[in-house]
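Residues per chain are reported as follows:
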Protein chains: 2
Amino acid sequence: MTQHAYLVDDDEAIRDSLTWLLESRGVACASYPSAEDFLAAWDSSLAGCIVLDIRMDGMSGPELFELLCERGCKLPVIFLTGHGDVPMAVSALKKGAFDFVEKPCNDNELVNRVIEALKLDANQRVAASDSDSVNSLIARLTTRERQVMELVLSGKLNKLIADELQISMRTVEVHRANLLEKMGVRTAVELAQLLAGKR
Amino acid sequence: MTQHAYLVDDDEAIRDSLTWLLESRGVACASYPSAEDFLAAWDSSLAGCIVLDIRMDGMSGPELFELLCERGCKLPVIFLTGHGDVPMAVSALKKGAFDFVEKPCNDNELVNRVIEALKLDANQRVAASDSDSVNSLIARLTTRERQVMELVLSGKLNKLIADELQISMRTVEVHRANLLEKMGVRTAVELAQLLAGKR
DNA sequence: GCGCATATTGTGGAAATCCGCAATGCTGGC
DNA sequence: GCCAGCATTGCGGATTTCCACAATATGCGC
């Protein structure tokens, strides 16, 4: 999915000038005149970042942000704000908003923030994909393979694993070989590294 | 080092009432009437969190925060703020400030934030200590042991390690046994897990 | 009933790991 | 020169890991 900067602002002049500005820097844009419009268009496959005005008719920026968070949206959000509201800013940042930029703003500053947000989105996608891959590998293990894997990862000898599971050592070897193959690694060390942080 | 809530505010009444409030909830306090006073008292062994007023005569809260960050201070900082200043709030949060609480504030809210900040401080200390411990273990390895360790962690057989380093397999075994002992682990799997994230 | 997936087990042999015991050589500090 | 630390190596033996080949039993879906 191609990354876009999703511009959400009821002021058409701002949407147009931001679109022009960002596209001249190679950033694909999609603009929406209201929070409701973007919400209707959003789905979890969208890639990029959101540039979101705080004050709009109808649903406000923070309200949209809240709803997107509830729906699991991970896109970085840059708020455009013309008035100070510290509690709202603190609250949004703590909920994961990427940044606040005050209007009127320096063109370069905003574009740079957008580009940073796009980088963050890209990095998050890679990390999530890695995590999904490992999880799907684990999901393909049989119950017994998973049991043996846990014991291998706790550093036990095959002999002790056999004692603990009350099976033969040969069976432990079979499961061990199968699980390493399914996890796409050759050794228990590689397995431990693959699963680092997932335990 | 005992954790304290370090209260920095030029208003004595606020310092006193916060002290009373926090101590009645079991939090040790130390208060300072100015940013300069706290800065003079600070050193990196202090444990706890900082409750910091924004507006003070002399050095301001954000200025103190800036200086502390430059000096490597990791204590969580809760800003007390009576006026909105979004860019300052956004900037401080992005630099790692723990929270902003507006004055006048709900007593329970502030105490809860302080207690959360103390927990964060404690967790950070444990994590830093773990990291230091592993680093000091690594520092005790000889050059050769470190080389062998890297190759073990990349999953190579002793035989291949011996080829690569142009030494005998017995020597690899000696280094391998020595490094595992020095790192306090019994197997390469445990070693990989100990070093997860440090590579 | 048949086929498939899974779990289990045994045999035999090869390879890898581990380690006690013993020894040599080099370097740096006292 | 002596000693400690480090690097290196060999021998012999024990243990562990790995796996081809082969087989049986159970449960499930068609």
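Model, not experiment: these values are computed from the prediction.

Enquirer: Honestly, the interface of chain A and chain B in this entry has me stumped. Any pointers?
Expert: Contacts between the two partners involve 25 residues from chain A, matched on the other side by 26 residues from chain B. A buried area of about 1,800 Å², summed over both sides, lies between chain A and chain B, and 65% of it is on carbon and sulfur atoms. Sorting the residues of chain A by area buried against chain B places Val86, Val189 and Gln193 of chain A first, and these three jointly supply 27% of that buried surface. Linking chain A with chain B are 2 salt bridges, by the criterion used here. Here Lys94 of chain B makes a salt bridge to Asp99 of chain A, at a shortest N to O gap of 2.8 Å. If you look at where chain A meets chain B, you find 4 residue pairs in polar contact (both at pLDDT 80 or more).

Enquirer: Mind showing me how you'd approach the protein's contact with DNA strand D here?
Expert: The immediate surroundings of DNA strand D are formed by 16 residues, with Arg176 of chain A together with Thr142, Arg144, Ser168 and His175 of chain B found nearest. Within the contact set of DNA strand D, a phosphate oxygen lies 3.2 Å away from a backbone nitrogen or oxygen of Asn158 of chain A. For DNA strand D, a phosphate oxygen lies 2.8 Å from a polar atom in the side chain of Arg144 of chain B. The set of elements that each furnish at least two residues to the surface near DNA strand D consists of helix H7 (158-165) and helix H8 (169-182) of chain A together with helix H6 (143-153) and helix H8 (169-182) of chain B. Among the residues forming the surface near DNA strand D, the class breakdown is 4 nonpolar, 6 polar and 6 charged.

Enquirer: What exactly am I supposed to notice about the sheet that holds strand S4 (residues 77-81) of chain B here?
Expert: In any sheet, the strands associate via hydrogen bonds between backbone groups, in a parallel or an antiparallel arrangement. Residues and elements named next belong to chain B. Spatial strand order, S2-S1-S3-S4-S5: 5 strands in an open sheet with parallel pairing. The open sheet has two edge strands with one neighbour each: strand S2 (29-32) and strand S5 (99-102). On average, each strand axis in the sheet is inclined to that of its neighbour by 20°, with strand direction left out of account. Here strand S1 (residues 3-8) pairs with strand S3 (residues 47-53) via 6 bridges, running parallel. Its bridge partner lying in S3, His4 is registered against Gly48. The strands that helix H1 (residues 12-23) touches are S1, S2, S3 and S4; relative to S2, the one it contacts most, it runs at about 170°.

Enquirer: Is there a simple way to think about the side chain of Thr19 of chain A in this case?
Expert: With respect to the secondary-structure elements, Thr19 of chain A resides in helix H1 (residues 12-23). The residues contacting Thr19 of chain A, other than those within four sequence positions of it, are Leu7, Cys29 and Ser31 of chain A.

Enquirer: Is there a simple way to think about a negative patch on the surface in this case?
Expert: All names here are of chain A. A contiguous patch of negative charge on the surface is contributed by Asp10, Asp11, Glu12, Asp16 and Asp57. Counting through the fold element by element, Asp10 comes out in the loop between strand S1 (3-8) and H1. Taking relative accessible area as the criterion, Asp10 reaches 34% and is therefore assigned partly exposed.

Enquirer: Sorry, what's going on with helix H7 (residues 158-165) of chain B here?
Expert: Note on helix geometry: an α-helix contains 3.6 residues per turn, so any two residues three or four positions apart are oriented the same way. Residue and element names in this part refer to chain B. Among the residues making up H7, those that are buried are Asn158, Ile161, Ala162 and Leu165. The buried residues of H7 occupy an angular sector of 100° when the element is viewed end-on, so they sit on one face. In H7, the exposed positions that point more than 90 degrees away from the buried face belong to Lys159 and Asp163. Looking at the buried residues of H7, the elements they touch are H6 and H8. Taken from the residues just after H7, Gln166 is the one with a positive phi, measuring 55°.

Enquirer: It is not clear to me how the domain arrangement of chain A should be interpreted in this structure. Could you clarify?
Expert: Many descriptions give the size of an interface as the accessible area lost when the pieces come together. Considered domain by domain, chain A is made up of domain 1 (3-129) and domain 2 (140-194). Of note, the centres of domain 1 of chain A and domain 2 of chain A, computed from C-alpha atoms alone, are 46 Å apart.

Enquirer: Could you clarify how one ought to interpret the protein's contact with DNA strand C in this entry?
Expert: Taken together, 16 residues form the shell around DNA strand C, and within it Thr142, Arg144, Ser168 and His175 of chain A together with Arg176 of chain B come nearest. Here DNA strand C approaches the protein such that, of its atoms within 4 Å, sugar and phosphate make up 56%. Elements that contribute at least two residues to the surface near DNA strand C include exactly helix H6 (143-153) and H8 of chain A together with H7 and H8 of chain B. The residue makeup of the surface near DNA strand C, split by class, is 4 nonpolar, 6 polar and 6 charged.

Rules of the game
Residues numbered from 1 in each chain as written. Chains lettered and ligands numbered in written order. Predicted model: local features only at pLDDT ≥ 70, side-chain atom pairs only at ≥ 80, totals over all residues. Heavy atoms only, no water. Contact = heavy atoms within 4.5 Å. Buried area = accessible area lost by both parts, 1.4 Å probe. Salt bridge = Lys/Arg side-chain N within 4 Å of Asp/Glu carboxyl O. Polar contact = N/O pair within 3.5 Å; in protein donor to acceptor, adjacent residues only side chain to side chain. Near = heavy atom within 4 Å. Helix = DSSP H or I, 4+ residues; strand = E, 2+ residues; numbered from the N terminus. Nonpolar A, V, L, I, M, F, W, Y, C, P; charged D, E, K, R; others polar. Pairing = 2+ DSSP bridges. Axes fitted to C-alpha atoms, helices over the stretch in contact; angles between N-to-C directions. Patch = residues over 30% accessible without salt bridge, like charges linked within 9 Å, V, L, I, M, F, W, Y side chains within 5 Å. Areas by Shrake-Rupley, 256 points an atom, 1.4 Å probe, with all protein chains shown as cover. Lys, Arg positive; Asp, Glu negative; His and termini not counted. Charge placed at Lys NZ, Arg CZ, Asp CG, Glu CD. Buried < 20%, exposed > 50% of the residue type's maximum accessible area, 1.4 Å probe, protein only. Arc of directions from axis to C-beta. Domains from an automatic or database assignment.

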